[in-house]
Amino acid sequence: MIKQITVFLENTEGRLAALTHTLRRANVNMHALTISETSHYGLVRIICDDPDAALAALRSEDFRATETNVSAIEVPNRPGGLADLLDTLASLNMNIEYGYCFSSKGDKAVDVFKISGHAHTAEATFKLEEAGFKALRQEDLA
């Protein structure tokens, strides 16, 4: 289980740059970033090396930021790697609320999911590890 920072960002010129400058000043390194948008705001999700520092820095600059626990699962970076993981999630009756991916270490990719269908993300992580997948922890990203 890892911590993800979610920022509700006004859809105005320069706001994303201001967010990244804030994280740079806090010496926070981003490993993954995804942006969803509407006509009025963007939803920015960030995986970084120091989520506590990121959250504090963003809030100090009046960004609307929250923290969410998500599962980050390492899979083989090959055709079918994600399909195998999704088959396992389905067999465990775990539903994905949202997700995104990033590559790591060349032969591995990381799939980040907010998983529903279980009371706790920690339980989902444990079951995935039992199925042979490596669930990353925050310290794996530092």
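As the structure is a computational prediction, the values presented were derived from the model and not from experiment. In this numbering scheme, every chain counts its residues from 1 along its sequence in written order. Per-residue local features of the predicted model are confined to residues with pLDDT of at least 70, and side-chain atom pairs are confined, for both listing and counting, to 80 or more; whole-chain, interface and lining totals are unaffected and use all residues. Side-chain numbers come from the whole structure's heavy atoms, not from hydrogens or water.

Here 7 bridges tie strand E2 (residues 30-37) to strand E3 (residues 41-48), and the two strands are oriented antiparallel to one another. Bridge pairing in E3 places Ala32 opposite Ile47. Strand pairing is assigned whenever DSSP identifies at least 2 bridges connecting the two strands. Put simply, DSSP H or I for four residues or longer makes a helix, DSSP E for two residues or longer makes a strand, and each gets a number counted from the N terminus.

Summarising the element assignment, Thr88 is placed in helix H3 (residues 81-91). Exposure classes here rest on a 1.4 Å probe applied to the protein chains alone. A residue is buried below 20% of its type maximum, exposed above 50%, and partly exposed in between. What makes Thr88 buried here is its relative accessible area of 14%. The sequence separation of Thr88 and Gly132 amounts to 44 residues, and the corresponding C-alpha distance is 9.6 Å.

Let's shift gears to the nonpolar core. Soluble globular proteins tend to pack their nonpolar side chains together in the buried interior. Side-chain atoms within 4.5 Å link the members of a nonpolar core, which is a set of buried Ala, Val, Leu, Ile, Met, Phe, Trp, Tyr and Cys residues. Core analysis: the biggest nonpolar cluster contains 14 residues, and Ile5, Val7, Leu19, Leu23, Ile46 and Leu58 have the highest contact counts within it. Elements with a minimum of two residues in this core: strand E1 (2-10), helix H1 (15-25), E3 and helix H2 (51-60). Contact partners of Leu23, with chain neighbours within four places excluded, come to Val28, Met30, Ile46, Ala54 and Leu58. Counting 12 residues, the second largest nonpolar core, distinct from the first, contains Ile2, Ala72, Tyr100 and Phe102. The contact rule is simple, with two residues in contact once any of their heavy atoms fall within 4.5 Å.

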